[in-house]
Amino acid sequence: MSDQSTTVAELRRLVSAFVDERDWRQFHDAKNLSMSLAIEAAELMEHFQWLRSDELPTRLVDAETRRRIAEEMADVGSYLLALANSLEIDLSTAIRDKIRQNAQRYPVELSRGRADRPEVS
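Residues numbered from 1 in each chain as written. Predicted model: local features only at pLDDT ≥ 70, side-chain atom pairs only at ≥ 80, totals over all residues. Heavy atoms only, no water.

Undergrad: Explain the environment of arginine 100 to me, and be specific about the residues and the numbers.
TA: With respect to the element layout, arginine 100 can be found in helix H5 (residues 91–105). Within polar-contact distance, the side chain of arginine 100 engages the side chain of aspartate 97 at 2.5 Å. (Helix = DSSP H or I, 4+ residues; strand = E, 2+ residues; numbered from the N terminus. Polar contact = N/O pair within 3.5 Å; in protein donor to acceptor, adjacent residues only side chain to side chain.)

Shown next as structure tokens:
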């Protein structure tokens, strides 16, 4: 299974089944899941803390480092999917809607190659 062959719905079902098998839904309210998501995101950030950008390529060739980063990314993704399940939010629709909003806020002609927010009239 890969990103090319797995749907968001399949991942949501996988997370849901894992949670249900353990009777964890009782703990999976929006507050707890959003906090867990933030904690896991912080654990992901720890892998990059204090590194300069020019040090990243060397660090990221190490298989063990990549494995640990992938695990943290999986935790972040799993909690996001669990939150979408808990709140009954269609994540694909939410992402598409947000990309459309961002396209208006960051027009290509004003944003290409720039990190700052353009002045849009």
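That was the structure; now back to the text.
Undergrad: Explain helix H1 (residues 8–21) to me, and be specific about the residues and the numbers.
TA: Its 14 residues give H1 an end-to-end C-alpha distance of 20 Å, which sits within 8% of 20 Å, the value for a rise of 1.5 Å per residue. For H1, the complete set of buried residues consists of Arg12, Val15, Ser16 and Val19. For H1, the arc enclosing every buried residue in end-on projection is 100°, short of the 170-degree limit, so these residues lie on one face. Among the exposed residues of H1, those pointing more than 90 degrees away from its buried face are Arg13, Leu14 and Glu21. Turning to H1, the residues buried within the fold contact helix H4 (63–87) and H5. Directly after H1, the chain includes aspartate 23, whose backbone phi takes a positive value near 55°. (Expected span 1.5 Å × (residues − 1). Buried < 20%, exposed > 50% of the residue type's maximum accessible area, 1.4 Å probe, protein only. Arc of directions from axis to C-beta. Contact = heavy atoms within 4.5 Å.)

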